[in-house]
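# Summary of structural features
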Amino acid sequence: MKIFIVPSIISHRLQTISVSAVFLSLQDCTFFTRKEILRLHGRYHELAPHLVPMDYTNDPDCKLPLALIVNMPELKENPFRNRIVESFSEDGMGNLSFNEFVDMFSVLSETASRELKAIYAFKIYDFNVDNYLCKEDLEKTLNRLTKEELTPEEVELVCQKSIEEADLDGDNKLSFADFENMITRAPDFLSTFHIRI
Amino acid sequence: MARNVNFDLNHPLVEAGLESPIDEEGVHDSFSQLIAEQSQNGGPSEAFELQQLQRDLDEEGRDDVGYLSSPGHEFRGSRQVRRDMEWEDDETQTDPLIGERWSSATMKVLSSMPSRTIGRSRGAIISQYYNRTMQLRRRRQSRPAIRDFSRSARPSIRGYGMEADSIDAEGTEVSKRERLVNNLQNLSVSDRVRMLRAMPLSVAEKSDLRMLALQKEKRTLSSSKLPCCSRLKYYIIIAARQSWYSWLSFLHSLQLWQVALKRVSGRFGTGVLSYFLFLKTLLFFNIFLFLVTGAFLVLPQAVHPPVLPAERNFSGLELLTGAGYFSDTVMYYGYYCNYTLHKSCRDDVGGQNVSVSNGTRLDCVSKHHSYNMPLAYFFTIGVAFFITCIILVYSMSKSFGQSFRIDNSHSILAIKVFCSWDFKVIKKTSVRLMSENIGTQLKELLAEVNHKNVKNTACQKLWRLLVHGLAWAICIASTAACVTAIYYFSDHMHQNLQQRSRSTIKDPLLFEASLLALPVMVSLINLLLPGLFNLAAWMEDYESPSVRTYVAIGRNLLLKVCVLGVLCYHWLGRVAADPASIKLKCWESFVGQELYRFLLMEFIFTLLDTLFGEFLWRLFSERVLKRRRKPVFDIARNVLELIYGQTLAWLGVLFTPLLPAVQIIKLLLLFYIKKSSVMMNCQAPRKPYRVSQMTTIFITLLCFPSFLGASVCVTYTMWSITPSSSCGPFRELKTMFQAGKRWVEELEKDNPNLSLLARAHAYLVENPLFLFLGAGIFLIVIYFHSQVVDGQRKIINLLQEQIENEGEDKKFLITRLQSIHEQKRTPARRLTSQDSGC
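Residues numbered from 1 in each chain as written. Chains lettered and ligands numbered in written order. Predicted model: local features only at pLDDT ≥ 70, side-chain atom pairs only at ≥ 80, totals over all residues. Heavy atoms only, no water.

As annotated in an unreviewed UniProt entry, chain B carries the name Transmembrane channel-like protein and comes from Dicentrarchus labrax. Quoted verbatim from the Subcellular location (unreviewed entry) field of UniProt, the annotation for chain B is "Membrane". In UniProt, chain B has this text filed under Sequence similarities (unreviewed entry): "Belongs to the TMC family." (UniProt positions renumbered as here; feature names shortened; annotations may be inferred.)

Taking an unreviewed UniProt entry as the reference, chain A is identified by name as Calcium and integrin-binding family member 2 belonging to Dicentrarchus labrax.

Structure, rendered in C-alpha cells:
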C-alpha cells in the first residue's frame, strides 16, 4: 500500500498566479498538465478580466455566465455551444466556475476516454434533460447540424429511422446504453469530439 | 379518496409479489444478469447495491429520471403513501407525454433498470466507480483481506438489502461515498489519478473525493507516528511526483506545431489534419533514426576523421546530386573506416587509412576506449531497424484497436446524426460547409434507405464491368509501360556510365548533371501517373467514396511498389554486382548518392505540384474560369507520397547515415509549405472521409510494403552482397554481416573462455535457419493475433445478438406483467371503493 502526502502549501509563484492546492487537485482530476491549466486559466481570465481574479489560492467562488463563454473562438461557431456549456455547469444554466471550465475542456481533450466522452456527448444532445434522446432532441440536433436545411418531412424521417436503428430495447427513444452502443461503432467519434485549446 | 385509491394501488402489488418480478427478490433475480452485465461483472451484490443507490437518490430528489421514481418504496407500506400519491399525480401528467400503455408500476421497474441509471445520476456513478476501484484493488492485491472491508461492503446480497432497509437514504449515500474514498485511498497513486480522471463527475466533486482520500491518509500517517526514514521516503515520493509532473509538462511543451495544427483543424477538420499528423509521425521516426545514427556512427567518425586523398571544390550542383564535394564526407558509407577508433592511436591509424592492417588495429584494441566501427555500423543499423519495427507494429495495433468496429451497416443514420459533427472546426465558412455536407449526406442516406432495392439491369451491370475492366487495363498498362521505361532507361544510363568510365571525363559538371536524369524521370512518372489514375476513376464513376479512395490507393501503391522494385534491382543487381565495370571505387556511396537524389527530386516535384497543381490552378480557376470553388486537398495521394519518401529514406540509411537528417529537413519544409498552401488554396473536402480507418490503412501501408520492403533490401545487402573492397567499414569482408563474426573470433582469441559465445554466434546468427525460424515465429504471432481479433469480432456479434434477444425477452415480460397487473387491478379497485364506502 503506497501512501504519500501532498504538501499543504506549495507556493511556487509561476506566471503571477500562485499555484495552489486547487491547481494540484485539478491536475489530478483532469487530463491537463499544470502548464495547460495555467493556460486555461489565462483564457478564463481573459473572458472577464474584472471578474476573475488572477490569484486562485483560496479557490474563490466566481462564475462566468454562458453568454461570455460561448463567445470563445473555440465555441463561437459550434451549433451545440449552448448545450456544451450547459451540460458542464452545475446549475444547468450555463454558469461555469473555473473548475467546470477546466472540466469541459478536459472531457473535450484528446486524452479523455471514449466512455467519458460518450457520457457528456449524451448530455449535450439531450436538450430537454430527461436523460433520453427522444424525437424532440433529435429534431433539435438535426436542425442545428444542418442549419435547418432539411425539410420537416425529411427531419421527421431521419429521426424516425435513426431511432429505429439505434434503439435496442424498443422504447422508441435512445437511452444512454443505446447511445453508447452506437458510439462504439463510430471510430471517428473519438477524434471528432475533441476541441483543441 | 385519492389517498385510498393510491394505497390500494399498492396493495395488489404486494399480493402479486410472489409471482411478479416487481417484488424485490424477483427484480433481483430476473434482472440480475442484465444488471451484472451493465455494471461490468460487478457481481449480483454490487449490482443490487447500485439499484439501491438509485432508489436512495430518487428519494433525495436529486434524481434526473424525473417522472420515473423509485420502485422500492411502495413495498414499504403506508409510510410511503404520500410520496406515491404525489408521484401518481406526476405520472398522470406525464403519461400522455410518454404515450405508453404501460402502468405506473411497470414504468417504475423499467426506470430502475441499470441500462437507464448507469452513468447518469451521481449516486450511480459513485457506486459504479466504487465497483471499479474494488476490482482494481482485487487485481492489485492478489488476496484481498476481508477485514479491510466494512461489514456491509463484504460481498453478500442479504447484507445489502438489510442495510438499505434499516439505514435511511442519506446515510447510504454517505457511506457509499465513504467506501469509495476508502478504496481510492488504498489504491496506488497512479491508479487513483487514473480513476479520478475517468470519473464522469464534476471537478468539484472529484477534488472533494481526492481531498477526503488524502486527509484520511494523513490521519493514518500522523496516528501511526512514522519513523524518520519512512517520512523521508514519503518526501522523496512527493519530490519524485513533483518532478514527474514538471517533466510531463516539459514534454508537453515540446509538442510540435500546436497552433498550426489547431488552425488547420479549425478550418479543414479531421481529414486534412490527419495528413499533417502523419507527417509529424514520420518526422519523429526520422528524428529517432537520426539520433541513433548520429550518436553512434556520425559523431565518432567525425571526431576521428580519416585523411582524405584530395579536397574537392564546391560547385553548388552537389546540393542536387549529392556527389562531388559531398562524396567523401560523413554523409556516405564510403567515408567510414574499418578500424577501431581510439584517441591515442588516431594519428597512427589515420596516416595509413586505406591500408590499415590488422596489426595496427590490435595495438589500439589493447588500450581502453576503443570503438569498433564496423561492429558499430552493423549493430546501429540493425538495432535502429528493429526498434522502428517495434514502434511501427505497436502503433499499428493501437490504430487497429481504435478503428476496430463491427461492420454491420445498420445505425448508419444515427451515427451520422450524432457523430459526424467535427467539434474542432471553428472557422465560419467551414462550419457552413460542414452543415451543408452533412445535410446532403443525410439526404443521400435517406434516399438510399428508401430505395434500397433498386437493382441494375444485366445490361447496366455488363456496362459497368466493361468500364471497370477498361479503367484497370489502362492503369495497369500505363504502370507496366512506365516501369519498363524506367528499366530500360536505367540500363541505358548504366551503359552510359560504363562508356564514360572507359574514356576520360571531359566535363565533370555535365557528367554530374546527367546523373539527375533518372531521378527526374521517376519523379515525373510519380507525379503524372496519379493524374491518369484520377481520370480513370472519374470515368468509372464510383458510387461510394470509400471504394473510390481504396481503388486510388491500390493503383498508386502498385505503381510505387513496381518503381521501387525496379530501382532496387538496378542498384543491388546491376551496380552492386559489378561495380568494377563502371570504375566505381565505392558502390555503396554511389547508391547512397542515388537515394539522396531521388529523395530530393521527389521533394522538388512535390513543391512543383503544390505550386502548379494547387496555387496556379486556384488562380486559373478563379481568374479565368470565374469559379468560386477551390481545389480540394487530396489526402490519400499526399500521404502516399510521404510513404514513398519514407521508404527511400529507410532504404538509404545503410548507405547514407545522414539521410534521415535530409528527410527531417524535407519534412519540416514540407509541413510549412503544405500548410500555407492548404490555407491559401484549398477548401475543405466535400466528401466524407473516414479518418481513423484511413489512418489505420496508412500506418499499415507504412509498415507493410514500405518498411518491410526497405528492411528486406537492407538485410539482403548485409547478408549476401559483397561490400566494396576499398572503402567503408566493411572492406576486406565478404559480407557486411561478417563484421560480427570477426569480432567474435577476436574475442575468442583474446579470451579462450568465450568460445561458447563464438559457437553460439556461429549457430544462431550465421545459420539462415535461425533467421527463418525467427521470421516464422513472428508470422505465427501475427497470425494468432489476427485470429484472436477475429474471434473477438465473432463474440461481439454474438453478444450483440444476445442483447437484442434480451430486449425482446424484456418486452415480452413487461407485456405479460402488464396484463397480470391489469387483471389484478380491476378486482382491487372494486375492493377499494367498498372500503371507502365504509
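In terms of helices and strands, chain B carries 31 helices and two strands. For chain B, buried positions account for 49% of its 838 residues. Sequence-distant contacts in chain B: of pairs separated by 6 or more residues, those separated by 24 or more amount to 78%. (Helix = DSSP H or I, 4+ residues; strand = E, 2+ residues; numbered from the N terminus. Buried < 20%, exposed > 50% of the residue type's maximum accessible area, 1.4 Å probe, protein only. Contact = heavy atoms within 4.5 Å.)

Moving on, we get to the overall build of chain A. In terms of helices and strands, chain A carries 11 helices and four strands. Taken over 197 residues, chain A has a buried fraction of 59%. Excluding contacts between residues fewer than 6 apart, the proportion of contacts in chain A whose partners are at least 24 apart in sequence is 55%. Accessible surface computed for chain A: about 7700 Å², of which carbon and sulfur atoms make up 52%. (Areas by Shrake-Rupley, 256 points an atom, 1.4 Å probe, with all protein chains shown as cover.)

Residues other than glycine seldom take positive phi values, yet Val129 of chain A does so here, at roughly 50 degrees. In this structure, Val129 of chain A sits in the loop between α7 (114-125) and α8 (135-146). On the basis of relative accessible area, Val129 of chain A is assigned to the exposed category, the value being 54%. At Glu732 of chain B, a position not held by glycine, the phi torsion is positive, near 70 degrees. Taking the relative accessible area as the measure of exposure, Glu732 of chain B reaches 47% and is therefore partly exposed.

Right, let's get into the interface of chain B and chain A. Listed as interface residues are 94 residues of chain B and, on the opposing side, 84 residues of chain A. When the buried surface of chain B facing chain A is broken down by residue, Arg197, Phe418 and Phe423 of chain B rank first, second and third, together holding 11% of it. Notably, a salt bridge pairs Asp28 of chain A with Arg210 of chain B, separated by 2.8 Å at the nearest N-O pair. At the boundary of chain B and chain A, one finds 11 residue pairs in polar contact (both at pLDDT 80 or more). Ranked by the residues each element gives to the side of chain B that touches chain A, the list is headed by helix α20 (residues 428-450) of chain B, at 11 residues. Of the residues belonging to the side of chain B that touches chain A, the class tally is 44 nonpolar, 25 polar and 25 charged. (Buried area = accessible area lost by both parts, 1.4 Å probe. Salt bridge = Lys/Arg side-chain N within 4 Å of Asp/Glu carboxyl O. Polar contact = N/O pair within 3.5 Å; in protein donor to acceptor, adjacent residues only side chain to side chain. Nonpolar A, V, L, I, M, F, W, Y, C, P; charged D, E, K, R; others polar.)

Glancing now at the state of the cysteines. Residues and elements named next belong to chain B. Counted under the stated rule, the structure contains one disulfide over all chains. Covalent S-S linkage joins Cys586 and Cys727, the inter-sulfur distance amounting to 2.0 Å. Every disulfide takes its handedness from the sign of the S-S torsion; for Cys586 and Cys727 that torsion is 95 degrees, giving right-handed. With Cys586 in the loop between α24 (545-575) and α25 (587-623) and Cys727 in the loop between α28 (691-720) and α29 (738-750), the pair connects residues that are 141 residues apart, well separated along the chain. The same class applies to Cys586 as to Cys727, namely buried. Free cysteine Cys568: the closest other cysteine sulfur is in Cys713, separated by 3.5 Å. Assessed through its relative accessible area of 14%, Cys568 is described here as buried. (Disulfide = S-S within 2.5 Å.)

Next up on the list: the side chain of Thr293 of chain B. Within the secondary structure, Thr293 of chain B sits in helix α14 (residues 270-303). Those residues in contact with Thr293 of chain B, other than ones at most four positions away along the chain, are Val298, Thr380, Val653 and Pro657 of chain B.

Turning our eyes to something else, we now look at the packing of aromatic side chains. A full pass over the atoms with the stated rule returns 38 aromatic pairs over all chains. Taking the centre distance of 5.3 Å and the plane angle of 80 degrees together, the rings of Phe276 of chain B and Phe671 of chain B count as edge-to-face. Of the two residues, Phe276 of chain B sits in helix α14 while Phe671 of chain B sits in helix α27 (residues 659-681), which places them 395 residues apart along the sequence. The class for Phe671 of chain B is buried, based on a relative accessible area of 0%. Taking the centre distance of 6.0 Å and the plane angle of 20 degrees together, the rings of Tyr487 of chain B and Tyr569 of chain B count as stacked. A residue pair is termed long-range when its members are at least 10 positions apart, and Tyr487 of chain B in helix α21 (residues 458-502) and Tyr569 of chain B in helix α24 qualify at 82 residues. The class of Tyr487 of chain B is partly exposed, set by a relative accessible area of 30%. Among the residues examined, Tyr569 of chain B registers a relative accessible area of 44% and is labelled partly exposed. Three or more aromatic residues joined by ring pairs form one cluster here, namely Phe80, Phe122, Tyr125, Phe176, Phe179, Phe189 and Phe193 of chain A together with Phe418, Trp421 and Phe423 of chain B. (Phe/Tyr/Trp six-rings, centres within 6.5 Å; stacked < 30°, edge-to-face > 60°.)

Burial analysis of helix α19 (residues 412-419) of chain B places seven of its eight residues in the buried class, which makes it a mostly covered element. Restricting attention to buried positions, one finds in α19 of chain B the residues Leu413, Ala414, Ile415, Lys416, Val417, Phe418 and Cys419 of chain B. In the core, the buried residues of α19 of chain B are packed alongside α7, α8, α9 (152-166), α10 (176-183) and α11 (189-192) of chain A together with α20 of chain B.

Glancing now at the packing of α8 of chain A against α19 of chain B. Where α8 of chain A contacts α19 of chain B, the two axes come as close as 10 Å, and the packing angle between them is 65 degrees. The interaxial crossing formed by α8 of chain A with α19 of chain B has left-handed handedness. Residue-level contacts link Leu138, Thr141, Leu142 and Leu145 of chain A of α8 of chain A to Lys416, Val417 and Phe418 of chain B of α19 of chain B. Along the lines of polarity and charge, the residues of the contact of α8 of chain A with α19 of chain B split into five nonpolar, one polar and one charged. (Axes fitted to C-alpha atoms, helices over the stretch in contact; angles between N-to-C directions. Left-handed = near helix turned anticlockwise from the far one by under 90°.)

Residues with a pLDDT of 70 or more make up 88% of chain A, whose mean pLDDT is 80. Under a pLDDT of 50 for its full length, residues 1-18 of chain A has, in the predicted model, 47 contacts with residues more than four places off or in other chains. (pLDDT = per-residue confidence, 0-100.)

This next bit is on the pattern of salt bridges. All names here are of chain B. By the definition in use, this model includes 17 salt bridges over all chains. Put simply, Asp634 and Arg637 hold a salt bridge, and the shortest N to O gap is 3.8 Å. Given a relative accessible area of 29%, Asp634 falls into the partly exposed group. In this structure, Asp790 and Lys794 form a salt bridge, with 4.0 Å as the shortest nitrogen-oxygen distance. Here Lys794 and Asp790 lie together in helix α31 (residues 768-837), a separation of four residues that amounts to about one turn. Looking at Asp790, the relative accessible area reads 33%, which means it is partly exposed. Residue classification places Lys794 among the exposed residues on the basis of a relative accessible area of 54%.

All names here are of chain B. Model confidence for chain B is summarised by a mean pLDDT of 73, while 71% of its residues fall at 70 or above. Here residues 142-169 is modelled with pLDDT under 50, and outside its nearest four sequence neighbours on either side it reaches 34 contacts, counting other chains as well. Segment residues 344-367: pLDDT under 50, and 28 contacts once partners within four positions in sequence are set aside and those in other chains are kept.

Here the focus is α9 of chain A. End to end, α9 of chain A covers 21 Å across 15 residues, agreeing with the expected 21 Å (1.5 Å per residue, within 8%). Of all the residues in α9 of chain A, the buried ones are Val155, Val158, Cys159, Ser162, Ile163 and Ala166 of chain A. The buried residues of α9 of chain A all sit within an arc of 120 degrees when viewed along its axis, so they share a single face. Opposite the buried face of α9 of chain A, at more than 90 degrees from it, the exposed residues are Glu153 and Glu164 of chain A. In the core, the buried residues of α9 of chain A are packed alongside α8 and α10 of chain A together with α19 and α20 of chain B. (Expected span 1.5 Å × (residues − 1). Arc of directions from axis to C-beta.)

Residue and element names in this part refer to chain A. In the numbering adopted here, UniProt assigns the feature "domain: EF-hand" (unreviewed entry) to residues 113-148 and 154-189. Across residues 113-148, helical content stands at 67% and strand content at 0%; the span's end C-alpha atoms are separated by 32 Å. Across residues 154-189, the secondary structure splits into 61% helix and 0% strand, with the terminal C-alpha atoms separated by 24 Å.

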